[in-house]
Amino acid sequence: MTRLLINLIVFALLFVSVICDVKLRGDFKIDGLSAYGVKDEMYSGHLAFESDSGDSGKYFFWLAKSRIPEHAKRPRDLVVWLNGGPGCSSLVGMFLENGPFVAHKVSSDEDDRAFPFTFTSNPFSWNEKADMLYVEQPLDVGFSVPRKTSGIPHNEGEIAEDFYAFLAQFLSTFPEYTQNGATELTIAGESYAGRYIP
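The structure reproduced in this document is the subject of the present report. (Residues numbered from 1 in each chain as written. Predicted model: local features only at pLDDT ≥ 70, side-chain atom pairs only at ≥ 80, totals over all residues. Heavy atoms only, no water.)

**Quick word on the overall build of the chain**
Logical step 1: Counting secondary structure elements, the chain contains 4 helices and 7 strands.
Logical step 2: Look at the contacts in the chain between residues 6 or more apart in sequence, and 65% of them connect residues 24 or more apart. (Helix = DSSP H or I, 4+ residues; strand = E, 2+ residues; numbered from the N terminus. Contact = heavy atoms within 4.5 Å.)

Here is the structure:
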């Protein structure tokens, strides 16, 4: 199980552009996964934000758009998924629980590709009904990057301040969630994340 998770994270790194201070929505678009059986529209990368203290950090996020056609869905539903721990990667939830695809190891007898996985659509994925936003938080968890000056947060108040700043930047970068009516926003998670999800 651990080896599978490590391989899946390596897979994520192969296809996600890690860009320092990207501001444009299109810069986060993930292309090229259809060769692996993934058809969902997805965006991922580091999103820089500045907290009230003036210090900046970068949360790593992965957004899987809903499979419901655009015209049938107003307003857009957005579910933010946070794994607990504290300190557990939210990609665990995406890759092993409620994400848009399921990884299957290809036996070496069947295929000699350098990347030994194939993917199938997860019919139980939460993006069947809503856009799913997986966020690596707090800072320094998973692929998220600590603040330049003050490093990692030291209490839940700082975590909340960082998350609020990230969410404001995310909504600015992805304006479809603030246009044409209000977005239905749900914050969900598991383990310790449930203690600080409002």
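We are not done yet, so read on.
**Some details on the packing of aromatic side chains**
Logical step 1: What the rule picks out here adds up to 16 aromatic pairs.
Logical step 2: Aromatic ring contacts, followed pair by pair, group F28, Y43, F49, Y59, F61, F163, F166, F170, F174 and Y177 into a single cluster. (Phe/Tyr/Trp six-rings, centres within 6.5 Å; stacked < 30°, edge-to-face > 60°.)

**A few points about helix α3 (residues 156-173)**
Logical step 1: Along its 18 residues, α3 runs 25 Å from first to last C-alpha, staying within 8% of the 26 Å computed at 1.5 Å per residue.
Logical step 2: All buried positions along α3 are accounted for by I159, D162, F163, A165, F166, L167, F170 and T173. (Expected span 1.5 Å × (residues − 1). Buried < 20%, exposed > 50% of the residue type's maximum accessible area, 1.4 Å probe, protein only.)

**Remarks on the sheet that holds strand β7 (residues 184-189)**
Logical step 1: Here we have 5 strands laid out as an open sheet, ordered β1-β2-β6-β3-β7, and mixed in their pairing. Lying at the two open borders of the sheet, with one neighbouring strand each, are β1 (42-50) and β7. Strand-to-strand twist of the sheet, defined as the mean angle between neighbouring strand axes without regard to direction, takes the value 25°.
Logical step 2: Judged from the 9 bridges that link them, β1 and strand β2 (residues 56-64) form a sheet pairing that is antiparallel. Across the sheet, the residue bridging to L47 is Y59, located in β2. (Pairing = 2+ DSSP bridges. Axes fitted to C-alpha atoms, helices over the stretch in contact; angles between N-to-C directions.)

**Comments concerning the nonpolar core**
Logical step 1: Residues M42, W62, L91, M94 and F101 are the most contacted members of the largest nonpolar core, which totals 21 residues.
Logical step 2: Broken down by secondary-structure element, the contributors of at least two residues to this core are β2, β3 (77-82), α2 (91-98), β4 (101-105), β5 (117-121) and β6 (131-136).
Logical step 3: Counting residues in each nonpolar core, the second largest holds 20 residues, with L47, F49, L139 and A165 among its members. (Core = buried A, V, L, I, M, F, W, Y, C linked by side-chain atoms within 4.5 Å.)

**Digging into unusual backbone geometry**
Logical step 1: The linkage connecting Q137 with the following residue, P138, adopts the cis geometry, with an omega of 0°.
Logical step 2: Positionally, P138 belongs in the loop between β6 and α3.
Logical step 3: Residues other than glycine seldom take positive phi values, yet D140 does so here, at roughly 80°.
Logical step 4: Relative to the helices and strands, D140 resides in the loop between β6 and α3.

**Focus on the pattern of salt bridges**
Oppositely charged side chains may form a pair once their charged atoms are brought near each other.
Logical step 1: Across all of its chains, the model carries 4 salt bridges by this definition.
Logical step 2: One salt bridge in this structure joins D40 and R67, with 2.7 Å as the shortest N-O distance. Residue D40 is located in the loop between α1 (2-15) and β1, and its partner R67 is located in the loop between β2 and β3; the two are separated by 27 residues in the primary sequence.
Logical step 3: Residue classification places R67 among the partly exposed positions, given a relative accessible area of 24%. (Salt bridge = Lys/Arg side-chain N within 4 Å of Asp/Glu carboxyl O.)

**Focus on the side chain of E176**
Logical step 1: Topologically, E176 is positioned in the loop between α3 and β7.
Logical step 2: With a relative accessible area of 19%, E176 lands in the buried category.
Logical step 3: A distance of 2.6 Å separates a polar atom in the side chain of E176 from a polar atom in the side chain of K65.
Logical step 4: Look past the residues within four positions of E176 in its chain and what remains in contact with it is R25, K65, R76 and T183. (Polar contact = N/O pair within 3.5 Å; in protein donor to acceptor, adjacent residues only side chain to side chain.)

These results come straight from atomic positions and should not be treated as a statement about function.
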